[in-house]
Amino acid sequence: MSAISLPKLPAIASSPVAVEVLNGLTERPKTLSPWLFYDQKGSQLFEEITELPEYYVTRTERQILAEHAEEIVTAAAGGRDLSMIELGAGTATKTGLLLNAAVGLQGSVIYYPIDVSESALEEARTRLEAELPEVIVEPIVADYTEGMRQNSASHPGRKLVLYIGSSIGNFSPADALEVLRGVRAQLLPGDCLLLGTDMVKDVDTLLAAYDDAAGVTARFNKNILVRINRELDANFNPKLFRHRARWNEEHKRIEMHLESLLAQKIALRALDTQVRFALGETIHTENSYKFTHERATALLTRAGFKLRQQWTDANHWFTVYLAAAC
Ligand code: AVI
C-alpha cells in the first residue's frame, strides 16, 4: 500500500507560542496569554513601565520593602539562618533591600532567583555580587514549579520565598491558588512566603497606571503582535489595533485588550492559516487582579499558609504579606 502524503506544517507549529496563538485567536472572544508579552523587547518595555509616574505599583512596593526590610527578614528567620528563593525574579531590582537586611542579620545569605530568562538572572547575579558580596547567588533557570522542586533539597535553616511585584495578580483566582499550593508543597512548616499584592483603589488611578500618557503600556500590549509577526511570520499591523485598559468591577481586575480598528484578515503564514477580525473586535491580553485584605488572606489560608504580619503604604495601595507554611 502506498503511503498517503499529508501536507506538513513546519515544527514551529507545535511550539508553545504557536499553540497559544492558534488556540487564543480561534477562541470567542479572542485571547492571548500574558506570558507572550515577555520577549526581549517586552521585558524592556515592562522595565520602562515600572518607572512611569502613573505606574505606582513598583515604587510603592519598593518603599514598603525599604521601610520594613529588617522587620520582615527578622520575622521570617525566627532566630534561624535564612535562605531566600524568589519566584519570577527577573533582574531582582527590589530584592537587594531584603538581601541586605539578611546580611545585616546573619552575615551572609544564599539567594536562589528562579526565572525562565537566563539573561535576566545573569544580570541579577552580576549586579548583586558586585553590590553585596556576602550574598551567594544560585540562579535557577526554570518556571516556578520546576524551580521550587529543584530547590526543595533540604538544607538547614529557614526558607523565605519571595513572590513580590504583584505577579500573583496576573493569575485567575483558581490558578493563583494552584501556584501558591505548589509553593507550599515544597516548604516545611515554619518556612515563609512574602507575597506582594496590589490593592483595589479608585478606578482613575488604576486606569491611568495601565494606560499611561506616554503610551508605553500601549507599546507593551501591542508588542505581542510584533512578536507574533516575527515568530509566526504573521502580518499584524500594530497601528490597526488600539490599546484598551478596562476596569472589571465584578472580578476586581484591570483588563488589557487590543481592539481592531477595522475589519481585517491576518495571515499566520508559519501556521498556514488566517484569522479574521471584525471592526471593534478585541483580543484580551491580560488580567491584573486587585486585592482586598479579605481576598488576599483567604488565598493564603486556602493555600496552606498562616498570616504572620502585613505591611502597607500610607494610601493602602499595596500590601506585602508575610505568611508561614502551616
Ligand atoms: C507583571 N505584572 C504584575 C504587571 C501588572 O501590573 O499586572 C504587568 C503589567 N501590565 C501592564 N502594566 C504592567
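In the block above lies the structure referred to throughout.
Residues numbered from 1 in each chain as written. Predicted model: local features only at pLDDT ≥ 70, side-chain atom pairs only at ≥ 80, totals over all residues. Heavy atoms only, no water.

**Regarding the overall build of the protein**
From N to C terminus, the protein includes 10 helices and 14 strands. Here the C-alpha radius of gyration of the protein, 21 Å, is about what a compact globule of 326 residues would show, namely 20 Å. The C-alpha extent of the protein, read off along each of the three principal axes, is 70 × 60 × 40 Å. By the burial criterion, 50% of the 326 residues in the protein qualify as buried. (Helix = DSSP H or I, 4+ residues; strand = E, 2+ residues; numbered from the N terminus. Rg over C-alpha atoms; globule rule 2.2 N^0.38 Å. Buried < 20%, exposed > 50% of the residue type's maximum accessible area, 1.4 Å probe, protein only.)

**Some words on the packing of helix α1 (residues 16-26) against helix α9 (residues 216-232)**
Angle between the axes and distance between the axes: these two values describe a pair of packed helices. Relative orientation of the contacting elements α1 and α9 amounts to 120°, with a least axis distance of 11 Å. Taken as axis vectors, α1 and α9 run oblique relative to one another. The two elements α1 and α9 cross, and the hand of that crossing is left-handed. Together, Val17, Ala18 and Val21 of α1 and Arg227, Ile228, Glu231 and Leu232 of α9 make up the contact between the two elements. Considered class by class, the residues forming the contact of α1 with α9 number five nonpolar, no polar and two charged. (Axes fitted to C-alpha atoms, helices over the stretch in contact; angles between N-to-C directions. Parallel < 35°, antiparallel > 145°, perpendicular 65-115°, else oblique. Left-handed = near helix turned anticlockwise from the far one by under 90°. Contact = heavy atoms within 4.5 Å. Nonpolar A, V, L, I, M, F, W, Y, C, P; charged D, E, K, R; others polar.)

**So, the site of the ligand**
Around the ligand lies a shell of 13 residues, among which Tyr55, Asn170, Tyr210, Glu286 and Ser288 are the nearest. A distance of 2.5 Å is found between an oxygen atom of the ligand and a side-chain nitrogen or oxygen belonging to Tyr55. A distance of 2.7 Å separates an oxygen atom of the ligand from a polar atom in the side chain of Ser288. Contact with the protein chains covers 96% of the free accessible surface of the ligand, which is 340 Å². Mapped by element, the contributors of at least two residues to the shell around the ligand are α2 (40-49), α9 and β12 (282-289). Looking at the shell around the ligand residue by residue, the classes come out as seven nonpolar, five polar and one charged. (Near = heavy atom within 4 Å. Polar contact = N/O pair within 3.5 Å; in protein donor to acceptor, adjacent residues only side chain to side chain. Areas by Shrake-Rupley, 256 points an atom, 1.4 Å probe, with all protein chains shown as cover.)

**Quick look at α9**
Look at α9: 24 Å from first C-alpha to last across 17 residues, which is about the 24 Å you get at 1.5 Å a residue. The largest bend in α9 is about 30°, located at Lys222. Extensive coverage of α9 is indicated by the burial of 12 of its 17 residues. Turning to α9, its buried residues number three or more, namely Val216, Thr217, Ala218, Phe220, Asn221, Asn223, Ile224, Leu225, Arg227, Ile228, Asn229 and Leu232. Just past α9, the residue Asp233 takes up positive phi, approximately 50°. (Expected span 1.5 Å × (residues − 1). Bend = angle between axes of the 7 residues up to and from the residue.)

**Description of the packing of α2 against α9**
Two elements in contact, α2 and α9, have axes separated by 9 Å at closest approach and are oriented at 160°. Of the possible angle classes, the one that applies to α2 and α9 is roughly antiparallel. As for how α2 packs across α9, the hand of that crossing is left-handed. Along the contact surface, α2 presents Lys41, Gly42, Leu45, Phe46, Glu48 and Ile49, while α9 presents Val216, Thr217, Arg219, Phe220 and Asn223. Residues belonging to the contact of α2 with α9 are distributed by class as follows: five nonpolar, three polar and three charged.

**As for the pairing of strand β2 (residues 82-87)**
With six of six residues buried, β2 lies mostly within the body of the structure. The alternating pattern of β2 places Leu82, Met84 and Glu86 and Ser83, Ile85 and Leu87 on opposite faces, both of which are buried. In the sheet, β2 pairs with strand β6 (residues 158-163) via five bridges, with the strands oriented parallel. Note that in β6 the partner of Met84 across the bridge is Leu160. As judged from the four bridges shared by β2 and strand β3 (residues 109-115), these two strands associate in the parallel manner. (Pairing = 2+ DSSP bridges.)

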